[in-house]
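# Inside the fold
Letter by letter, the chains look like this.
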Amino acid sequence: MAALVRFPGGTDDLAEIVEALVAAADSREKNAPEQALRWRWLADDIGDALDQLPTPQQ
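Let us look at the structure shown here. (Residues numbered from 1 in each chain as written. Predicted model: local features only at pLDDT ≥ 70, side-chain atom pairs only at ≥ 80, totals over all residues. Heavy atoms only, no water.)

## A short note on the packing of helix α1 (residues 11-28) against helix α2 (residues 33-52)
Between α1 and α2, the least distance of the axes is 8 Å, while the angle of their chain directions is 160 degrees. Viewed along their axes, α1 and α2 adopt a mutual orientation that is roughly antiparallel. Crossing geometry of α1 relative to α2 is assigned as left-handed. On α2, the residues that touch T11, L14, A15, V18, L21, V22, A24, A25, D26 and R28 of α1 are P33, Q35, A36, W39, R40, L42, A43, I46, G47 and L50. (Axes fitted to C-alpha atoms, helices over the stretch in contact; angles between N-to-C directions. Helix = DSSP H or I, 4+ residues; strand = E, 2+ residues; numbered from the N terminus. Parallel < 35°, antiparallel > 145°, perpendicular 65-115°, else oblique. Left-handed = near helix turned anticlockwise from the far one by under 90°. Contact = heavy atoms within 4.5 Å.)

Have a look at this one:
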């Protein structure tokens, strides 16, 4: 499934979301390991998608 999502801060906003997902997963690892795994998977998928974006030309 594909989606078009626009963030006012661009890729910087998405990078912050990835960092937040990883931090949240770290905090839930002990009490909710399945949820932590899911959040890491989401962070990895978003990070991979960001890596595939073309480099902006100035």
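## As for the pattern of salt bridges
Counted according to the given criterion, the structure contains 2 salt bridges. Close ionic contact of R40 with D26 constitutes a salt bridge, the shortest N to O distance being 2.6 Å. Taken together, the positions of R40 in helix α2 and D26 in helix α1 put the pair 14 residues apart, joining distant regions of the chain. Assessed through its relative accessible area of 26%, R40 is described here as partly exposed. Residues joined in a network through salt bridges with shared partners are D26, E29 and R40. (Salt bridge = Lys/Arg side-chain N within 4 Å of Asp/Glu carboxyl O. Buried < 20%, exposed > 50% of the residue type's maximum accessible area, 1.4 Å probe, protein only.)

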